[in-house]
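Now for the letters of each chain:
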Amino acid sequence: VQLQASGGGLVQAGGSLRLSCSAFGRTFSTRHMGWFRQAPGKEREFVATIRWSGGSTAYADSVKGRYAISRDVAKNTVYLRMMSLQPEDTAVYYCALDTYGSSYLPRVTNGYDYWGQGTEVTVSS
């Protein structure tokens with residue numbers, strides 16, 4: 001499985017962006033797709049995840065109410081709509097895919113089997 005993320009960029013505080021991540025290859029066993037982010041000098045942290053079947057979602061407290069994760073099953077694509085962006089949202093955003101995990105809506109990096117290359121989001125004040 002390969003993941004291709006896109007949609008990052010530079011935006012002013014208060015602005016919005018939408019990230020996309022498409023999965024290619026043996027995606028028939030997808031259970032979840034999620035987003036994580038890593039700011040300079042910090043560890044990678046959970047942002048949001050969505051269960052492929054049914055569409056249940058979970059969010060980090062820091063983004064709840066501002067971010068929305070969604071998916072298009074036919075396109076094997078997950079989206080992350082980010083609104084009211086703040087400078088502290090600046091990070092490289094990574095998408096991830098879970099195929100064999102037993103966890104429900106995993107929030108940790110080892111809950112995912114495949115990772116995209118990351119897309120950079122910079123929010124200026």
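Look a little higher up for the structure.
The following refers to the structure shown. A quick note: this is a predicted structure, and the numbers were derived from the prediction, not measured. (Residues numbered from 1 in each chain as written. Predicted model: local features only at pLDDT ≥ 70, side-chain atom pairs only at ≥ 80, totals over all residues. Heavy atoms only, no water.)

Regarding the overall build of the chain
Scanning the chain from terminus to terminus reveals 0 helices and 11 strands. Along the chain, from the amino end to the carboxyl end, the secondary structure elements read β-β-β-β-β-β-β-β-β-β-β. Taken over the C-alpha trace, the chain has a radius of gyration of 13 Å; the compact-globule value for 125 residues is 14 Å, and the two agree within 12%. Taken along the three principal axes of its C-alpha coordinates, the chain extends 40 × 25 × 25 Å. In the chain, the share of contacts with a sequence separation of at least 24, taken over all contacts with a separation of at least 6, comes to 58%. Accessible surface, the chain as shown: approximately 6,400 Å² in total, 45% of it carbon and sulfur. A distance of 7 Å separates the average location of the 13 positive side-chain charges in the chain from that of its 9 negative side-chain charges. (Helix = DSSP H or I, 4+ residues; strand = E, 2+ residues; numbered from the N terminus. Rg over C-alpha atoms; globule rule 2.2 N^0.38 Å. Contact = heavy atoms within 4.5 Å. Areas by Shrake-Rupley, 256 points an atom, 1.4 Å probe, with all protein chains shown as cover. Lys, Arg positive; Asp, Glu negative; His and termini not counted. Charge placed at Lys NZ, Arg CZ, Asp CG, Glu CD.)

Things to note about the pairing of strand 9 (residues 91-98)
Summarising burial for strand 9: 7 of the 8 residues are buried, a large majority. Note that strand 4 (residues 32-38) and strand 9 share 7 bridges and pair antiparallel. The residue of strand 9 that forms the bridge with F36 is Y94. In this structure, strand 9 lies alongside strand 11 (residues 119-124), joined through 3 bridges in antiparallel fashion. Looking across to strand 11, one finds that V92 is bridged to E120. Both strand 9 and strand 10 (residues 114-115) contribute to a ladder of 2 bridges, which runs antiparallel. (Buried < 20%, exposed > 50% of the residue type's maximum accessible area, 1.4 Å probe, protein only. Pairing = 2+ DSSP bridges.)

A word on the nonpolar core
The nonpolar side chains of a soluble globular protein tend to be buried, and buried together. In terms of nonpolar packing, the biggest core is built from 35 residues, with W35, Y67, L80, M82 and Y93 touching the most fellow members. Top element by residues in this core is strand 9. It accounts for 5 residues. (Core = buried A, V, L, I, M, F, W, Y, C linked by side-chain atoms within 4.5 Å.)

Let's talk about the sheet that holds strand 8 (residues 77-82)
With respect to topology, 4 strands assemble into an open sheet ordered 1-3-8-7, the strand pairing being antiparallel. Each edge of the open sheet carries a strand with a single partner, namely strand 1 (2-6) and strand 7 (67-72). Between one strand axis and the next, the sheet turns by 15 degrees as a mean value, whatever way the strands run. Relative to strand 3 (residues 17-24), strand 1 runs antiparallel, the two sharing 5 bridges. Bridge pairing in strand 3 links A5 to C21. (Axes fitted to C-alpha atoms, helices over the stretch in contact; angles between N-to-C directions.)

Remarks on the state of the cysteines
Throughout this description, disulfide means a covalent bond between two cysteine sulfur atoms. Going through the model one piece at a time under the given rule, you end up with 1 disulfide. Between C21 and C95 runs a disulfide, and the two sulfur atoms are separated by 2.0 Å. Since a negative S-S torsion denotes a left-handed disulfide, the C21-C95 link at about 55 degrees is right-handed. Separated by 74 residues along the polypeptide, C21 in strand 3 and C95 in strand 9 bring together distant segments of the chain. Residue C21 is classed as buried on the basis of its relative accessible area, which comes to 0%. (Disulfide = S-S within 2.5 Å.)

Description of unusual backbone geometry
One non-glycine residue, N76, lies in the positive phi region at around 50 degrees. Turning to its location among the elements, N76 is positioned in the loop between strand 7 and strand 8. Positioned with a positive phi, L105 is a non-glycine residue whose angle comes to about 50 degrees.

By themselves, these figures tell us nothing about what the structure is for.
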